[in-house]
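Listed below are the residues making up each chain.
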Amino acid sequence: MASSVALTKMVEKMNLKNVTPEVDLSQIRITVPDINRAALQLAGYFEHFTSERVQIIGYVEYTYLMGLPKEEKLPVYERFVSYKSPCIIYTTRTKPEEELLQFAIQYGVPVFITDKETSAFSAELQRWLNVELAPCISIHGVLVDVYGEGVLIMGESGIGKSEAALELIRRGHRLISDDVVEIRKVSDVSLVGSAPDITRHFIEVRGIGIINVKTLYGVEAVKNTQTIDIVIKLEEWDKDKEYDRLGLEEEYIEFLGNRVVCHSLPIRPGRNLAIILEAAAVNHRQKKMGYNAAQELYNRVQQNLTRKREQ
(Lines give C-alpha, C1' and ligand atoms only; values in the text may rest on other atoms or scores of the structure.)
Protein backbone atom coordinates (compact mmCIF):
# COMPACT_ATOMS: atom_id res chain seq x y z
CA MET A 1 0.00 0.00 0.00
CA ALA A 2 1.22 3.52 -0.70
CA SER A 3 2.78 4.76 2.54
CA SER A 4 0.99 8.07 2.98
CA VAL A 5 -0.50 11.15 1.37
CA ALA A 6 0.14 14.74 2.43
CA LEU A 7 -2.68 16.39 4.36
CA THR A 8 -2.15 19.56 2.32
CA LYS A 9 -2.96 17.61 -0.85
CA MET A 10 -6.26 16.42 0.65
CA VAL A 11 -7.12 19.95 1.79
CA GLU A 12 -6.58 21.30 -1.71
CA LYS A 13 -8.45 18.44 -3.40
CA MET A 14 -11.48 18.62 -1.06
CA ASN A 15 -11.48 22.44 -0.99
CA LEU A 16 -11.48 22.60 2.82
CA LYS A 17 -11.36 25.80 4.89
CA ASN A 18 -8.74 25.77 7.63
CA VAL A 19 -9.99 27.24 10.93
CA THR A 20 -6.74 26.48 12.79
CA PRO A 21 -4.10 28.34 10.73
CA GLU A 22 -1.79 28.23 13.76
CA VAL A 23 -1.25 24.49 13.24
CA ASP A 24 1.56 23.53 10.82
CA LEU A 25 0.16 21.19 8.13
CA SER A 26 3.41 20.57 6.25
CA GLN A 27 4.50 17.51 8.27
CA ILE A 28 1.10 15.85 8.68
CA ARG A 29 0.40 12.83 6.49
CA ILE A 30 -2.57 10.48 6.17
CA THR A 31 -1.61 6.81 6.32
CA VAL A 32 -4.95 4.94 6.13
CA PRO A 33 -7.70 5.24 3.50
CA ASP A 34 -10.57 4.85 5.96
CA ILE A 35 -12.37 7.70 7.72
CA ASN A 36 -14.12 7.80 11.10
CA ARG A 37 -17.36 9.59 11.82
CA ALA A 38 -16.89 10.53 15.45
CA ALA A 39 -19.96 9.49 17.43
CA LEU A 40 -19.30 7.28 20.43
CA GLN A 41 -16.10 9.19 21.10
CA LEU A 42 -18.08 12.40 21.58
CA ALA A 43 -20.21 10.52 24.12
CA GLY A 44 -17.03 9.66 26.04
CA TYR A 45 -16.41 6.11 24.77
CA PHE A 46 -12.87 5.79 23.44
CA GLU A 47 -12.37 2.03 23.40
CA HIS A 48 -11.27 0.86 19.91
CA PHE A 49 -11.00 4.49 18.77
CA THR A 50 -9.35 4.55 15.32
CA SER A 51 -7.52 7.80 15.91
CA GLU A 52 -5.21 7.34 12.91
CA ARG A 53 -8.13 8.08 10.58
CA VAL A 54 -9.49 11.41 9.39
CA GLN A 55 -12.26 12.38 11.86
CA ILE A 56 -15.62 13.60 10.53
CA ILE A 57 -18.15 15.54 12.62
CA GLY A 58 -21.50 15.90 10.88
CA TYR A 59 -24.70 17.74 11.68
CA VAL A 60 -26.03 15.04 14.04
CA GLU A 61 -22.83 15.02 16.11
CA TYR A 62 -22.75 18.83 16.09
CA THR A 63 -26.30 19.18 17.42
CA TYR A 64 -25.55 16.56 20.10
CA LEU A 65 -22.54 18.57 21.26
CA MET A 66 -24.52 21.80 21.29
CA GLY A 67 -26.95 20.20 23.72
CA LEU A 68 -24.29 19.22 26.25
CA PRO A 69 -23.42 21.39 29.24
CA LYS A 70 -20.04 23.09 28.95
CA GLU A 71 -18.57 21.22 31.92
CA GLU A 72 -19.31 17.91 30.16
CA LYS A 73 -18.04 18.98 26.75
CA LEU A 74 -14.60 20.24 27.74
CA PRO A 75 -13.19 16.88 28.98
CA VAL A 76 -14.59 15.14 25.88
CA TYR A 77 -13.10 17.77 23.57
CA GLU A 78 -9.67 17.52 25.18
CA ARG A 79 -9.58 13.75 25.21
CA PHE A 80 -10.85 13.54 21.64
CA VAL A 81 -8.18 15.93 20.36
CA SER A 82 -5.40 14.46 22.52
CA TYR A 83 -5.31 11.32 20.35
CA LYS A 84 -3.79 13.55 17.64
CA SER A 85 -5.71 12.35 14.60
CA PRO A 86 -4.50 13.67 11.21
CA CYS A 87 -7.34 16.22 11.21
CA ILE A 88 -10.95 16.94 12.20
CA ILE A 89 -13.48 18.01 9.58
CA TYR A 90 -16.83 19.66 10.32
CA THR A 91 -19.39 19.21 7.53
CA THR A 92 -22.84 20.55 6.57
CA ARG A 93 -22.02 24.21 7.34
CA THR A 94 -21.36 23.47 11.01
CA LYS A 95 -18.54 25.20 12.88
CA PRO A 96 -16.42 24.03 15.82
CA GLU A 97 -16.68 25.74 19.17
CA GLU A 98 -13.87 27.94 20.40
CA GLU A 99 -13.04 25.48 23.19
CA LEU A 100 -12.35 22.66 20.72
CA LEU A 101 -10.25 24.98 18.58
CA GLN A 102 -8.12 25.90 21.57
CA PHE A 103 -7.47 22.24 22.38
CA ALA A 104 -6.75 21.55 18.68
CA ILE A 105 -4.11 24.28 18.58
CA GLN A 106 -2.66 23.05 21.87
CA TYR A 107 -2.27 19.46 20.59
CA GLY A 108 -1.40 20.41 16.99
CA VAL A 109 -4.48 18.89 15.36
CA PRO A 110 -5.82 20.90 12.37
CA VAL A 111 -9.56 21.51 12.08
CA PHE A 112 -11.36 22.17 8.80
CA ILE A 113 -14.90 23.01 7.71
CA THR A 114 -16.84 22.30 4.53
CA ASP A 115 -20.31 23.24 3.33
CA LYS A 116 -20.88 19.79 1.79
CA GLU A 117 -23.38 17.36 3.27
CA THR A 118 -21.81 14.69 5.47
CA SER A 119 -22.76 11.62 3.41
CA ALA A 120 -21.74 13.10 0.06
CA PHE A 121 -18.48 14.51 1.45
CA SER A 122 -17.58 11.27 3.25
CA ALA A 123 -18.16 9.22 0.09
CA GLU A 124 -16.07 11.59 -2.01
CA LEU A 125 -13.23 11.67 0.52
CA GLN A 126 -13.28 7.88 0.97
CA ARG A 127 -13.10 7.32 -2.79
CA TRP A 128 -10.19 9.76 -3.16
CA LEU A 129 -8.24 8.25 -0.26
CA ASN A 130 -8.81 4.73 -1.58
CA VAL A 131 -7.16 5.75 -4.85
CA GLU A 132 -4.31 7.75 -3.28
CA LEU A 133 -3.45 5.05 -0.73
CA ALA A 134 -4.17 2.01 -2.89
CA PRO A 135 -1.45 -0.63 -3.41
CA CYS A 136 0.73 0.71 -6.21
CA ILE A 137 3.38 -0.58 -8.62
CA SER A 138 5.24 1.05 -11.51
CA ILE A 139 5.72 -0.74 -14.81
CA HIS A 140 7.34 0.06 -18.16
CA GLY A 141 4.67 0.76 -20.75
CA VAL A 142 2.29 3.27 -22.32
CA LEU A 143 -1.31 3.83 -21.23
CA VAL A 144 -3.87 5.39 -23.58
CA ASP A 145 -7.62 5.92 -23.52
CA VAL A 146 -9.08 4.48 -26.73
CA TYR A 147 -12.84 4.94 -27.11
CA GLY A 148 -13.11 4.98 -23.31
CA GLU A 149 -11.16 1.73 -22.87
CA GLY A 150 -7.86 1.85 -21.02
CA VAL A 151 -5.27 0.20 -23.28
CA LEU A 152 -1.92 -0.59 -21.66
CA ILE A 153 0.77 -1.12 -24.31
CA MET A 154 3.75 -3.17 -23.18
CA GLY A 155 6.85 -4.49 -24.93
CA GLU A 156 10.59 -4.18 -25.15
CA SER A 157 12.20 -0.77 -25.33
CA GLY A 158 12.27 0.61 -28.88
CA ILE A 159 9.58 -1.70 -30.26
CA GLY A 160 7.23 1.18 -31.08
CA LYS A 161 4.98 1.73 -28.05
CA SER A 162 5.32 5.52 -28.00
CA GLU A 163 4.96 5.81 -31.79
CA ALA A 164 1.73 3.80 -31.64
CA ALA A 165 0.47 6.03 -28.83
CA LEU A 166 1.35 9.17 -30.78
CA GLU A 167 -0.63 7.94 -33.79
CA LEU A 168 -3.60 7.16 -31.50
CA ILE A 169 -3.40 10.68 -30.06
CA ARG A 170 -3.40 12.12 -33.57
CA ARG A 171 -6.54 10.08 -34.27
CA GLY A 172 -8.35 11.70 -31.33
CA HIS A 173 -7.56 9.37 -28.41
CA ARG A 174 -5.95 10.40 -25.11
CA LEU A 175 -2.59 9.80 -23.45
CA ILE A 176 -2.44 8.90 -19.78
CA SER A 177 1.23 7.96 -19.41
CA ASP A 178 4.30 7.20 -21.49
CA ASP A 179 7.30 5.10 -20.47
CA VAL A 180 6.30 4.60 -16.78
CA VAL A 181 2.77 3.73 -15.70
CA GLU A 182 1.79 3.76 -12.04
CA ILE A 183 -0.87 1.10 -11.41
CA ARG A 184 -3.09 1.29 -8.33
CA LYS A 185 -5.43 -1.43 -7.12
CA VAL A 186 -8.53 0.51 -6.10
CA SER A 187 -10.70 -2.61 -5.71
CA ASP A 188 -10.60 -6.36 -6.29
CA VAL A 189 -11.76 -5.82 -9.88
CA SER A 190 -10.36 -2.39 -10.80
CA LEU A 191 -6.87 -1.16 -11.62
CA VAL A 192 -6.26 2.52 -12.26
CA GLY A 193 -3.24 3.77 -14.18
CA SER A 194 -1.63 7.21 -14.02
CA ALA A 195 1.62 8.97 -14.85
CA PRO A 196 4.31 10.04 -12.38
CA ASP A 197 4.05 13.78 -11.74
CA ILE A 198 7.41 14.47 -13.37
CA THR A 199 6.54 12.85 -16.74
CA ARG A 200 2.80 13.63 -16.94
CA HIS A 201 1.69 14.68 -20.46
CA PHE A 202 5.17 14.03 -21.94
CA ILE A 203 5.97 11.40 -24.54
CA GLU A 204 9.34 10.35 -25.97
CA VAL A 205 9.66 9.65 -29.68
CA ARG A 206 13.02 8.29 -30.80
CA GLY A 207 14.62 10.55 -33.38
CA ILE A 208 12.51 13.56 -32.35
CA GLY A 209 12.86 13.70 -28.59
CA ILE A 210 10.43 14.76 -25.87
CA ILE A 211 6.98 16.02 -26.86
CA ASN A 212 4.49 17.77 -24.58
CA VAL A 213 1.22 16.25 -25.78
CA LYS A 214 -0.95 18.70 -23.84
CA THR A 215 0.82 21.69 -25.42
CA LEU A 216 1.02 20.23 -28.92
CA TYR A 217 -2.44 18.67 -29.25
CA GLY A 218 -4.46 20.42 -26.55
CA VAL A 219 -6.04 19.40 -23.25
CA GLU A 220 -8.46 17.02 -24.99
CA ALA A 221 -5.49 14.80 -25.91
CA VAL A 222 -4.49 13.97 -22.32
CA LYS A 223 -6.06 12.43 -19.24
CA ASN A 224 -4.71 12.04 -15.70
CA THR A 225 -6.10 8.60 -14.77
CA GLN A 226 -7.73 5.67 -16.52
CA THR A 227 -8.90 2.20 -15.56
CA ILE A 228 -6.83 -0.52 -17.24
CA ASP A 229 -9.20 -2.66 -19.31
CA ILE A 230 -6.91 -4.48 -21.72
CA VAL A 231 -3.16 -5.09 -22.14
CA ILE A 232 -1.47 -5.32 -25.54
CA LYS A 233 2.00 -6.86 -25.59
CA LEU A 234 4.02 -5.86 -28.64
CA GLU A 235 6.64 -8.38 -29.76
CA GLU A 236 8.84 -8.98 -32.77
CA TRP A 237 7.29 -11.20 -35.42
CA ASP A 238 8.49 -14.80 -35.15
CA LYS A 239 7.60 -16.92 -38.19
CA ASP A 240 8.11 -20.10 -36.16
CA LYS A 241 5.69 -19.06 -33.43
CA GLU A 242 2.01 -19.98 -33.51
CA TYR A 243 -0.19 -16.94 -32.91
CA ASP A 244 -3.83 -16.97 -31.83
CA ARG A 245 -5.96 -16.22 -34.90
CA LEU A 246 -9.46 -16.68 -33.49
CA GLY A 247 -9.40 -15.33 -29.95
CA LEU A 248 -11.80 -17.88 -28.51
CA GLU A 249 -9.76 -18.29 -25.34
CA GLU A 250 -8.87 -15.17 -23.36
CA GLU A 251 -5.34 -14.77 -22.02
CA TYR A 252 -4.65 -12.75 -18.90
CA ILE A 253 -1.87 -10.89 -17.14
CA GLU A 254 -1.89 -10.21 -13.39
CA PHE A 255 -1.12 -6.96 -11.57
CA LEU A 256 -1.44 -6.71 -7.78
CA GLY A 257 -3.61 -9.84 -7.76
CA ASN A 258 -6.07 -8.53 -10.40
CA ARG A 259 -6.32 -10.21 -13.79
CA VAL A 260 -6.52 -8.16 -17.00
CA VAL A 261 -7.20 -9.46 -20.52
CA CYS A 262 -3.93 -9.58 -22.46
CA HIS A 263 -3.20 -9.98 -26.19
CA SER A 264 0.19 -10.57 -27.79
CA LEU A 265 0.54 -8.53 -30.99
CA PRO A 266 3.36 -9.46 -33.40
CA ILE A 267 5.06 -6.47 -35.02
CA ARG A 268 5.84 -6.64 -38.70
CA PRO A 269 6.70 -3.89 -41.24
CA GLY A 270 3.57 -2.44 -42.80
CA ARG A 271 1.19 -3.16 -39.93
CA ASN A 272 -0.80 -0.10 -38.80
CA LEU A 273 -0.58 -0.42 -35.03
CA ALA A 274 -2.99 2.42 -34.27
CA ILE A 275 -5.83 0.85 -36.26
CA ILE A 276 -5.17 -2.57 -34.71
CA LEU A 277 -5.21 -1.08 -31.21
CA GLU A 278 -8.47 0.73 -31.97
CA ALA A 279 -9.99 -2.54 -33.17
CA ALA A 280 -8.75 -4.35 -30.06
CA ALA A 281 -10.33 -1.72 -27.78
CA VAL A 282 -13.69 -1.79 -29.56
CA ASN A 283 -13.70 -5.59 -29.71
CA HIS A 284 -13.00 -5.74 -25.97
CA ARG A 285 -15.90 -3.38 -25.30
CA GLN A 286 -18.17 -5.55 -27.45
CA LYS A 287 -17.20 -8.59 -25.40
CA LYS A 288 -18.04 -6.76 -22.18
CA MET A 289 -21.44 -5.96 -23.68
CA GLY A 290 -22.03 -9.64 -24.45
CA TYR A 291 -21.01 -9.95 -28.11
CA ASN A 292 -18.06 -12.17 -29.07
CA ALA A 293 -17.25 -12.20 -32.80
CA ALA A 294 -14.97 -15.25 -32.51
CA GLN A 295 -17.68 -17.20 -30.72
CA GLU A 296 -20.26 -16.22 -33.33
CA LEU A 297 -17.98 -17.40 -36.15
CA TYR A 298 -17.38 -20.65 -34.28
CA ASN A 299 -21.14 -21.15 -33.88
CA ARG A 300 -21.73 -20.49 -37.58
CA VAL A 301 -19.09 -23.05 -38.54
CA GLN A 302 -20.62 -25.62 -36.19
CA GLN A 303 -24.11 -24.98 -37.57
CA ASN A 304 -22.84 -25.29 -41.14
CA LEU A 305 -21.13 -28.61 -40.36
CA THR A 306 -24.31 -29.88 -38.72
CA ARG A 307 -26.41 -28.99 -41.77
CA LYS A 308 -23.95 -30.75 -44.08
CA ARG A 309 -24.06 -33.90 -41.99
CA GLU A 310 -27.85 -33.87 -42.07
CA GLN A 311 -28.00 -33.58 -45.87
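Scroll up a little and you will see the structure.
Residues numbered from 1 in each chain as written. Predicted model: local features only at pLDDT ≥ 70, side-chain atom pairs only at ≥ 80, totals over all residues. Heavy atoms only, no water.

K.L.:
Looking at this structure, I do not really get the packing of helix α1 (residues 7–14) against helix α5 (residues 118–132). What am I missing?
P.N.:
Packed helices, taken two at a time, are described by their axes: the angle between them and the distance between them. Contact pair α1 / α5: the axes reach a minimum separation of 11 Å and the direction vectors enclose 135 degrees. Comparing the axis directions of α1 and α5 gives the class oblique. You can see that α1 and α5 cross each other, and the crossing is right-handed. The segment α1 lies against α5, with K9, M10, K13 and M14 engaging F121, E124, L125, W128 and E132. (Axes fitted to C-alpha atoms, helices over the stretch in contact; angles between N-to-C directions. Helix = DSSP H or I, 4+ residues; strand = E, 2+ residues; numbered from the N terminus. Parallel < 35°, antiparallel > 145°, perpendicular 65-115°, else oblique. Left-handed = near helix turned anticlockwise from the far one by under 90°. Contact = heavy atoms within 4.5 Å.)

K.L.:
Which parts of the structure should I look at to understand the state of the cysteines?
P.N.:
Applying the stated criterion across every chain yields a total of zero disulfides. Cysteine C136 is unpaired, with the sulfur of C262 as its nearest cysteine sulfur at 20 Å. (Disulfide = S-S within 2.5 Å.)

K.L.:
What am I meant to see in the sheet that holds strand β5 (residues 54–57) here?
P.N.:
Neighbouring strands of a sheet are bound in pairs by backbone hydrogen bonds; such pairs are parallel or else antiparallel. If you walk across this open sheet you meet the five strands as β2-β7-β6-β5-β4, and the pairing is mixed. Bordering the open sheet on either side are β2 (17–18) and β4 (35–37), each of which pairs with just one other strand. With three bridges joining them, β4 and β5 adopt parallel strand pairing. The partner of R37 across the bridge, within β5, is I56. (Pairing = 2+ DSSP bridges.)

K.L.:
Explanation requested: helix α9 (residues 293–310) in the structure shown.
P.N.:
Helical geometry note: an α-helix holds 3.6 residues per turn, so side chains three or four residues apart project in the same direction. The end-to-end C-alpha separation of α9 is 26 Å, in line with the 26 Å expected for 18 residues at 1.5 Å each. Put simply, N292 is the residue that caps the front of α9, since its side-chain oxygen is 3.0 Å from the backbone nitrogen of A294. (Expected span 1.5 Å × (residues − 1). Polar contact = N/O pair within 3.5 Å; in protein donor to acceptor, adjacent residues only side chain to side chain.)

K.L.:
Explain the packing of aromatic side chains to me, please; I cannot follow it from the model alone.
P.N.:
In this description, an aromatic ring pair is defined by two values, namely the gap between the centres and the angle between the planes. One pass over the full model with this rule turns up four aromatic pairs. Relative to F49, the ring of F46 has its centre 5.7 Å away and its plane inclined at 75 degrees; by these criteria the two rings are edge-to-face. Each of the two residues, F46 as well as F49, counts as buried. For the pair F49 and Y83, a centre-to-centre distance of 5.0 Å together with 80 degrees between the ring planes defines the contact as edge-to-face. Placement of F49 in the loop between β4 and β5 and of Y83 in the loop between α3 (70–82) and β6 (88–90) is noted, with a sequence separation of 34 residues between them. Classification of F49 as buried rests on a relative accessible area of 9%. Chaining the aromatic ring pairs together yields one cluster made of F46, F49, F80 and Y83. One residue, R259, lies across the ring of Y252, its end atom 3.9 Å from the ring centre. (Phe/Tyr/Trp six-rings, centres within 6.5 Å; stacked < 30°, edge-to-face > 60°. Buried < 20%, exposed > 50% of the residue type's maximum accessible area, 1.4 Å probe, protein only. Lys NZ or Arg CZ within 6 Å of the ring centre and 35° of its normal.)

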